[in-house]
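A look at the structure
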Amino acid sequence: MKKFLVLDIGGTFIKIAVMNEEAEMLSEERVPTPASGDGAIFRVIREVFHEQQELYPAIAGVALSIPGAVDVENGYVSYAGSVMDIIGVKIKAELADLGVPVEVENDANCAALAEKWKGNAQGCENFLCVTIGTGIGGAIFSRNEIVHGVEGMAGEFGLMMLDTHADIPELLEQRNFSRYSSTWNMVDRLNKHFGEEKTGEEWFELYDQQNAEVMKIIHSFYDRLSIGIINLMHIFAPEKIVIGGGISSRPELIPYVKRQIAKVPTAIAAKMEIQECKQKNRAGLIGALYHFQKMVGTF
């Protein structure tokens, strides 16, 4: 069975795995993401490849999940988040010296592909994946394909504006779906409201203790998350929406969103399925491998 090197590149860490064709992990580790500015990310990728090639000489290709908009045909990255060195680079050409096929896909799209292949969207031809973390990410899976848009820019759900009481630049920067509904911004609002510096886990401990003020603020984030999801539901009319990110494991989140959707008197709301992503922290790796095999014709 063939072996592949798979990397899920994040702003803080790079997850690394050697996997077989069925996404079984032969090895798994993570290393810090290098600071941007001198192309260090590509040196790290090459170092990891050569290290793993010594352990697994028959590595058949490299699959990458990246935090940015990428043209999957040529690997060109038009923009990215904190990993700035990949912007403006045709990654597949940049890494051609590795001597094996290289394929690259956006991280939220990889999460969706992981759910399609090995998760809670198996059997779905049309679904959305909403990822909740520092911001809100998204992927559109329609007619059994990821919808990439121009240069891979589709699925930027986090930029959806959820307010009207400001000029467009402020709405886009400060009052968008990410600002209102991401985990990072929820924790930031709680810290500012109470004048404390707690982690999300610590605030949810108070939530679980039925602290009324904490519950009110968290529920306001759940309300705005629900509004964004209801908007997406009506725009795309998917069979299902899967929700990822650490907060998706909160036992009250999915039922809360379902209750909000149940208030909507439309046909699509009546049949909408909402479910947690199954693959969690390995979604980027699994989805990147799926994308690789699809691009090279294995699937």
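Structural notes, computed from the coordinates.

**Focus on a negative patch on the surface**
Together, Glu29, Glu47, Glu51 and Glu54 make up a negatively charged patch on the protein surface. Along the chain, Glu51 falls in helix α1 (residues 40-55).

**Observations regarding helix α6 (residues 183-194)**
When the terminal C-alpha atoms of α6 are compared, their 17 Å separation across 12 residues agrees well with the 16 Å that a helix rising 1.5 Å per residue should span. Listed as buried for α6 are Asn185, Met186, Val187, Leu190 and Asn191. In this fold, the buried residues of α6 make contact with α5 (177-181), α7 (200-208) and α8 (212-236). Of the residues flanking the end of α6, it is Gly195, one or two places downstream, whose phi is positive at about 65 degrees.

**Thoughts on a nonpolar patch on the surface**
Taken together, the side chains of Leu159, Met161, Ile168 and Leu172 present a nonpolar region at the surface, about 350 Å² in accessible area. Tracing the backbone through its elements, the reader meets Ile168 in helix α4 (residues 168-174). On the basis of relative accessibility, which here comes to 52%, the residue Ile168 falls in the exposed class.

**Notes on the side chain of His148**
Relative to the helices and strands, His148 is located in the loop between β10 (145-146) and α4. At a separation of 2.7 Å, a polar atom in the side chain of His148 contacts the side chain of Glu105. Each residue touching His148, except ones within four places of it in the same chain, is listed here: Val72, Glu105, Asn109, Met153 and Ala154.

**What to know about the packing of α8 against helix α9 (residues 253-262)**
Their axes nearest at 9 Å, the elements α8 and α9 cross at an angle of 60 degrees. On the basis of the axis angle, α8 is oblique to α9. Seen from above, α8 lies across α9 with right-handed handedness. Residue-level inspection shows His219, Tyr222, Asp223, Leu225, Ser226, Ile229, Ile230 and Met233 of α8 in contact with α9, the latter providing Leu253, Tyr256, Val257, Gln260 and Ile261.

**Quick look at α9**
Every buried residue of α9 is accounted for by Leu253, Ile254, Tyr256, Val257, Gln260 and Ile261. Axial view of α9: buried residues confined to an arc of 160 degrees, hence all on one face. The secondary structure elements touched by the buried residues of α9 are α8, β11 (240-244), α10 (267-271) and β12 (273-276).

**Let's talk about the sheet that holds strand β8 (residues 127-132)**
A sheet is described by the order of its strands in space; here five strands give the open sequence β10-β9-β8-β11-β12, paired in mixed fashion. Looking at the sheet topology across the chains shown, the edges are occupied by β10 and β12. Pairing geometry for β8 and β11, over five bridges, is parallel. The residue of β11 that forms the bridge with Cys129 is Val242.

**Some thoughts on the packing of aromatic side chains**
According to the stated counting rule, one finds seven aromatic pairs in the structure shown. With a centroid separation of 6.2 Å and 45 degrees between ring planes, the pair formed by Phe157 and Phe236 is classed as tilted. Taken as a pair, Phe157 in the loop between β10 and α4 and Phe236 in helix α8 lie far apart in primary sequence, 79 residues in all. The aromatic ring of Phe13 is capped on one face by Arg30, whose charged end is 3.6 Å from the ring centroid. The aromatic ring of Tyr180 is capped on one face by Arg224, whose charged end is 4.2 Å from the ring centroid.

**Digging into the packing of α6 against α7**
Their axes nearest at 10 Å, the elements α6 and α7 cross at an angle of 70 degrees. Taken together, α6 and α7 sit at an angle that is classed as roughly perpendicular. Two packed elements cross with a definite hand, and for α6 against α7 that hand is left-handed. In this structure, α6 uses Met186, Val187, Leu190, Asn191 and Phe194 to contact α7, whose residues at the interface are Gly200, Trp203 and Phe204. Class assignment for the residues of the contact of α6 with α7 results in six nonpolar, two polar and no charged.

**Some remarks on the pattern of salt bridges**
A full pass over the atoms with the stated rule returns 16 salt bridges. Between Asp163 and Arg175 there is a salt bridge whose closest N-O contact spans 3.1 Å. You can see Asp163 sitting in the loop between β10 and α4 and its partner Arg175 sitting in the loop between α4 and α5, a full 12 residues away along the chain. The partner of Asp208 in a salt bridge is Arg250, with the nearest N and O atoms 2.6 Å apart. Taken as a pair, Asp208 in helix α7 and Arg250 in the loop between β11 and α9 lie far apart in primary sequence, 42 residues in all. Given a relative accessible area of 14%, Arg250 falls into the buried group. Among the charged side chains, a salt-bridge network with shared partners connects Arg46, Glu94 and Asp97.

Scoring rules and cut-offs
Residues numbered from 1 in each chain as written. Predicted model: local features only at pLDDT ≥ 70, side-chain atom pairs only at ≥ 80, totals over all residues. Heavy atoms only, no water. Patch = residues over 30% accessible without salt bridge, like charges linked within 9 Å, V, L, I, M, F, W, Y side chains within 5 Å. Areas by Shrake-Rupley, 256 points an atom, 1.4 Å probe, with all protein chains shown as cover. Salt bridge = Lys/Arg side-chain N within 4 Å of Asp/Glu carboxyl O. Lys, Arg positive; Asp, Glu negative; His and termini not counted. Charge placed at Lys NZ, Arg CZ, Asp CG, Glu CD. Helix = DSSP H or I, 4+ residues; strand = E, 2+ residues; numbered from the N terminus. Expected span 1.5 Å × (residues − 1). Buried < 20%, exposed > 50% of the residue type's maximum accessible area, 1.4 Å probe, protein only. Contact = heavy atoms within 4.5 Å. Polar contact = N/O pair within 3.5 Å; in protein donor to acceptor, adjacent residues only side chain to side chain. Axes fitted to C-alpha atoms, helices over the stretch in contact; angles between N-to-C directions. Parallel < 35°, antiparallel > 145°, perpendicular 65-115°, else oblique. Left-handed = near helix turned anticlockwise from the far one by under 90°. Arc of directions from axis to C-beta. Pairing = 2+ DSSP bridges. Phe/Tyr/Trp six-rings, centres within 6.5 Å; stacked < 30°, edge-to-face > 60°. Lys NZ or Arg CZ within 6 Å of the ring centre and 35° of its normal. Nonpolar A, V, L, I, M, F, W, Y, C, P; charged D, E, K, R; others polar.

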